[in-house]
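Working through the structure, step by step
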Amino acid sequence: MPTKTFIARTWQEALLMVKAELGDGAVILTSASRAARPGQPEQVEITASNELDAVARGKPSTGGAARQLARVYGKTQPTPVPTGAGGTLERELGELKELVRGLSLRTDLAQSRDFEPPLRALAARMQMLGFSPERTGQVCSLVGKAGSEAEAMAQAVDAVAGMMPVGGPISAVAAQCRVVALVGPTGVGKTTTLSKLAASFKVAAKARIGVITVDTYRLGATEQLRTLAGILEVPVRIVMTPGEIQAALRELRECDLVFIDTAGRSPKDAMRMNELRAFMLAAQPDETHFVFPATHHPRQVHAAIEKFGAGVGRLVLTKLDEAAALGPALDIVLGAGKPLSYITTGQNIPGDIEVADSHRLARLLLGLDELSPGPQI
Ligand SMILES: Nc1nc2c(ncn2[C@@H]2O[C@H](COP(=O)(O)OP(=O)(O)OP(=O)(O)O)[C@@H](O)[C@H]2O)c(=O)[nH]1
Ligand SMILES: [Mg+2]
């Protein structure tokens with residue numbers, strides 16, 4: 001089916017019609033509201049297609065709209081309308097509300113005389129990629145006069161890159177025993193990221209690496225690091241109490257870099273958070289990186305990072321490969337209020353990690369770059 005237009009009384013109704021007829025992979029191409037005629041209710045109109053999915057999967061396309069997008073952006077990677085597959089009704093409703101907010105913003109853009117067609121197309125594109133209405137508006141206002149959609153897109157890359165704070169990689173100085181801690185909520189990828197970093201610095205930079213783990217709570221947590229340490233031949237110290245951490249650091253003082261792996265903590269668990277703070281106070285790391293996944297909702301990041309304390313200097317954004325849409329990553333980074341050090345893009349050790357680069361990230365978020373293979377660290 002090339003494209004289909006749905007007319008309804010409300011955005012929610014229209015979106016439900018899109019989903020029912022075109023399925024979860026539907027992509028909204030245009031939207032508009034029609035002024036009510038005397039005695040008749042106002043109507044909204046959405047034109048959507050489920051064909052862009054085929055383009056994204058590399059299947060040949062026959063329809064005009066998909067080809068048009070592919071032509072305009074060179075590489076087309078549209079994101080399906082988020083529908084919260086497998087989620088609760090509440091979550092689906094929440095996502096629908098966000099979609100409606102996004103559509104309202106697009107309608108505003110479409111109705112504003114200040115916005116030319118290239119800018120309106122950019123706004124539609126950003127909505128498809130999951131950018132929040134606020135960021136879409138912000139980026140569109142930063143894009144100047146654009147003669148074409150491709151030009152608007154190029155300016156949008158610069159605008160998103162300019163908004164994306166990056167703080168550079170870990171600085172390893174030979175014989176300075178730099179201590180780097182990774183903290184964050186449970187299961188976000190701390191140990192995996194630490195393993196990638198330890199392996200990269202050991203192999204590529206020939207740095208002397210040491211590892212300390214204070215994660216003795218989870219069954220098998222220390223095994224994860226012991227296995228890695230065995231393969232890489234790096235010393236590992238397991239620390240049970242904050243009092244032991246200085247002794248472990250003294251033992252590893254010949255290393256160029258000492259990584260500290262911490263237990264995942266729910267920011268809501270005050271007792272465990274205090275324990276973690278006591279470990280960090282005793283360790284006094286030179287760098288503390290907060291690990292957070294691109295799969296979590298941006299609204300969770302701010303409260304989480306605040307609970308982990310003022311010592312957090314940089315953000316590691318993990319699991320970009322698992323995120324349904326990458327647009328929200330901009331809100332995660334801005335919500336965290338910390339510059340990015342690394343992004344991770346898969347489970348492979350040490351391959352799936354990159355030093356955060358604002359232009360690469362902007363191109364990823366805007367669907368112009370592929371996740372892999374990324375630049376090696
Ligand atoms: N797809 C994907 N999976 C990842 C990535 N990073 C980590 N993972 C996976 O996420 C899961 C949890 O990773 P861990 O490194 O154990 O997470 P953690 O934060 O140390 O977990 P806790 O110590 O239990 O708090 C594992 O299955 C990892 O392989 C990534 O960038 N992409
Ligand atoms: Mg862990």
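Every value quoted in this text rests on a predicted model; they were computed, and no experiment measured them.

A few words on the overall build of the protein chain. When helices and strands are tallied, the protein chain shows 14 helices and 11 strands. Here the protein chain holds 377 residues, and 49% of them are scored as buried. Looking at the protein chain as shown, the accessible area adds up to about 17,600 Å², and 53% of this sits on carbon and sulfur atoms.

Let us now look at the state of the cysteines. Taken as a whole and assessed by the stated rule, the structure comprises zero disulfides. With no disulfide of its own, cysteine 177 lies closest to cysteine 255 among cysteine sulfurs, the gap being 6.3 Å. On the basis of relative accessible area, cysteine 255 is assigned to the buried category, the value being 7%.

Right, let's talk about the packing of aromatic side chains for a bit. Under the counting rule described, the total for this entry stands at three aromatic pairs. With a centroid separation of 6.4 Å and an interplanar angle of 50°, the aromatic rings of phenylalanine 201 and phenylalanine 259 are classed as tilted. One end of the pair, phenylalanine 201, is in helix α8 (residues 190-203); the other, phenylalanine 259, is in strand β7 (residues 257-261), and 58 residues separate them in sequence. The exposure class of phenylalanine 201 is buried, given its relative accessible area of 12%. Three or more aromatic residues joined by ring pairs make a cluster, and in this case those are Phe290, Phe292 and Phe308.

Quick look at the environment of glutamate 354 now. Within the secondary structure, glutamate 354 is located in strand β11 (residues 353-355). The exposure class of glutamate 354 is buried, given its relative accessible area of 2%. Along the chain, glutamate 354 and threonine 344 lie 10 residues apart, while their C-alpha atoms are 6.3 Å from each other. For glutamate 354, the side chain forms a polar contact with the side chain of arginine 360, separated by 2.8 Å.

Once that is clear, we can look at the sheet that holds strand β6 (residues 236-238). One open sheet holds the eight strands; their spatial order is β6-β5-β7-β4-β8-β9-β10-β11, and the pairing between them is mixed. Edge positions in the sheet fall to β6 and β11, since each has one partner strand and no second. Geometrically, the sheet is characterised by an average inter-axis angle of 20° between neighbouring strands, direction not taken into account. With five bridges connecting them, strand β4 (residues 178-183) and β7 associate as parallel partners. Directly across from leucine 182, in β7, lies its bridge partner aspartate 261.

Next up on the list: the pairing of strand β3 (residues 43-49). Across the seven residues of β3, five count as buried, placing the element largely inside the fold. Judged from the five bridges that link them, strand β1 (residues 4-8) and β3 form a sheet pairing that is antiparallel. Considered in β3, the bridge of alanine 8 is made with valine 44.

With that settled, consider helix α7 (residues 149-163). Since one α-helical turn is 3.6 residues long, residues separated by three or four positions face the same way. Under the 1.5 Å per step criterion, the end-to-end length of α7 is 21 Å for 15 residues, consistent within 8% with the ideal 21 Å. Along α7, the positions that sit buried rather than exposed are Ala152, Met153, Ala156, Val157, Ala159, Val160, Ala161 and Met163.

Right, let's get into the confidence of the model for the protein chain. Chain-level statistics for the protein chain give a pLDDT mean of 81 and a share of 76% at 70 or above. Here residues 52-86 is a poorly scored stretch, pLDDT under 50, and it has 74 contacts once near neighbours within four places are set aside; other chains count.

Before going further, it helps to spend a moment on the side chain of threonine 213. For threonine 213, the location among the structural elements is in strand β5 (residues 209-213). In this structure threonine 213 touches Thr222, Leu225, Arg237, Ile238, Val239 and Asp261, once residues within four positions along its chain are discounted.

In regular strands, side chains alternate between the two faces of the sheet. Judged by how many residues are buried, strand β10 (residues 340-344) sits mostly within the fold: five of five residues are covered. Both strand β9 (residues 314-318) and β10 contribute to a ladder of three bridges, which runs parallel. What sits directly across from leucine 317, in β10, is isoleucine 343. Sheet topology places β10 next to β11; three bridges connect them, and they run antiparallel. Across the sheet, the residue bridging to isoleucine 343 is glutamate 354, located in β11.

Two measures define how a pair of helices packs: the angle their axes make with one another and the distance between the axes. Direction vectors running N to C along α7 and helix α14 (residues 358-365) enclose 120°, while the axes themselves pass 8 Å from each other. For the element pair α7 / α14, the angle class is oblique. Considering how the two elements wind past one another, α7 and α14 form a crossing that is right-handed. Touching Val157, Asp158, Val160 and Ala161 of α7 are Ser358, His359, Ala362 and Arg363, all from α14. Counted by class, the contact of α7 with α14 contains four nonpolar, two polar and two charged residues.

Calculation rules
Residues numbered from 1 in each chain as written. Chains lettered and ligands numbered in written order. Predicted model: local features only at pLDDT ≥ 70, side-chain atom pairs only at ≥ 80, totals over all residues. Heavy atoms only, no water. Helix = DSSP H or I, 4+ residues; strand = E, 2+ residues; numbered from the N terminus. Buried < 20%, exposed > 50% of the residue type's maximum accessible area, 1.4 Å probe, protein only. Areas by Shrake-Rupley, 256 points an atom, 1.4 Å probe, with all protein chains shown as cover. Disulfide = S-S within 2.5 Å. Phe/Tyr/Trp six-rings, centres within 6.5 Å; stacked < 30°, edge-to-face > 60°. Polar contact = N/O pair within 3.5 Å; in protein donor to acceptor, adjacent residues only side chain to side chain. Pairing = 2+ DSSP bridges. Axes fitted to C-alpha atoms, helices over the stretch in contact; angles between N-to-C directions. Expected span 1.5 Å × (residues − 1). pLDDT = per-residue confidence, 0-100. Contact = heavy atoms within 4.5 Å. Parallel < 35°, antiparallel > 145°, perpendicular 65-115°, else oblique. Left-handed = near helix turned anticlockwise from the far one by under 90°. Nonpolar A, V, L, I, M, F, W, Y, C, P; charged D, E, K, R; others polar.

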